[in-house]
Amino acid sequence: MCNGGEKLIPQVGKITAVTVQTPDVRTFRIEKPEGGKLFRHEPGQCAMIGVPGAGEAMFSITSSPTQEDYQEFSIKRCGSLTEKLHDLQAGDFVTVRGPYGNAFPVHTELKGRNLLFIAGGIGLAPLRSVIRYVLDRREEYGKVTVVYGSRSREDLVGLEEIETLWKQQKDMQVYLTIDRPQEGWDGHVGFVPSYVKELPLSLSQTVLVCGPPIMIKFVLAALQEMGFTKEQIYTTLELRMKCGIGKCGHCNIGSKYVCKDGPVFRMDEIDELPDEY
């Protein structure tokens, strides 16, 4: 959980690698200046990354907790801070504090289950930590299905990893889609919520969803139409998080603070909140 004064104290993080994922998404590998990961985290948790003079913001940790040497963050360019981050290269320094929030229940409710991951655009980022964790602990989980869509082939985050690693895994199926027809793309074309209804999905799966709010809304409707219950579905609301410790009120929804009670919520828990998300 995100309490404790130590979570307010930034650490200096050194960028050791920058990978261009899409035209507007880059993945930053960050370590301590002397080497090694900044802190321990669980899949689904976030951290605050800052550039002195430009501010700081909350981002999902996309690397698995099983990675002992570094943390990774996939960051979309969408404002002044992220513009500054996208200008940085390996060898540059940032501030990092965290981890914040709860995590996907990989040690309890997800363990031993068949898992269905549904993501849209940069929404794959927080789910990548879980997927990577599950692949590193493969014997502890059932079959894995990933449904992922974006605007175009170029906007699919981590496509190389998906093609060369995920699609080659035993008991793992990956379904990709893009919004509109594109030259050179011979895969599925269409929006994620519609694609979900076309696929041979099993109602035995526990579902993890992340993407734009409108996508989540229609994916949830599609899943319920297919027979999934809200108790089977988890999502993450980290985009609402600001301070990370429940003091600023930015992430308050009804009786909940996303940074303290989330960002991971089961869908039936979200139903109890005001319709603000």
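Trainee: Give a detailed account of the sheet that holds strand S11 (residues 206–210), specifying residues and quantitative values.
Mentor: One open sheet holds the seven strands; their spatial order is S10-S9-S8-S7-S11-S12-S15, and the pairing between them is mixed. With partners counted over all chains shown, the strands left at the sheet margins are strand S10 (188–189) and strand S15 (264–266), one partner each. Here strand S8 (residues 144–150) pairs with strand S9 (residues 172–178) via seven bridges, running parallel. Bridging from a neighbouring strand, Val 147 pairs with Tyr 175 of S9. Strands strand S7 (115–120), S8, S9, S11 and strand S12 (233–236) of the sheet are contacted by helix H2 (residues 124–136), whose axis makes an angle of about 155 degrees with S7. Most of the contacts of helix H5 (residues 213–226) go to S11, to which it runs at about 160 degrees, and overall it touches S7, S11 and S12.

Trainee: Run through the sheet that holds strand S3 (residues 46–51), naming residues and quoting values.
Mentor: Taken together, the six strands give an open sheet; going across it, the order is S4-S3-S6-S1-S2-S5, and neighbouring strands pair in antiparallel fashion. Two strands bound the open sheet, and with one partner strand each, they are strand S4 (55–60) and strand S5 (71–76). Neighbour to neighbour, the strand axes of the sheet diverge by 40 degrees on average, direction disregarded. In terms of strand pairing, S3 meets strand S6 (residues 93–100) through four bridges, oriented antiparallel.

Trainee: Account for the layout of surface pockets, with residues named and values stated.
Mentor: What the second largest pocket holds in volume is close to 370 Å³. What lines the second largest pocket is a set of 19 residues, and nearest its centre among them are Arg 29, Glu 72, Arg 128, Arg 132 and Glu 161. Mapped onto the lining of the second largest pocket, the elements with two or more residues apiece are strand S1 (11–22), strand S2 (25–31), H2 and helix H3 (159–164). Taken together, the residues of the lining of the second largest pocket sort by class into four nonpolar, eight polar and seven charged.

Trainee: Please set out the pairing of S4 residue by residue, giving values where relevant.
Mentor: Both S3 and S4 contribute to a ladder of six bridges, which runs antiparallel. Following the sheet pairing, Gly 50 is matched in S4 by Glu 56. What sits between S3 and S4 in their antiparallel hairpin is a turn of three residues, with Gly 53 showing a positive phi close to 90 degrees.

Procedures and definitions
- Residues numbered from 1 in each chain as written.
- Predicted model: local features only at pLDDT ≥ 70, side-chain atom pairs only at ≥ 80, totals over all residues.
- Heavy atoms only, no water.
- Pairing = 2+ DSSP bridges.
- Helix = DSSP H or I, 4+ residues; strand = E, 2+ residues; numbered from the N terminus.
- Contact = heavy atoms within 4.5 Å.
- Axes fitted to C-alpha atoms, helices over the stretch in contact; angles between N-to-C directions.
- 1 Å grid on protein atoms, 1.4 Å probe; cavity = no way out; pocket = protein on both sides within 12 Å on 5 of 7 lines; lining within 4 Å.
- Points joined across faces, edges and corners; volume = space filled by probe spheres on them.
- Nonpolar A, V, L, I, M, F, W, Y, C, P; charged D, E, K, R; others polar.

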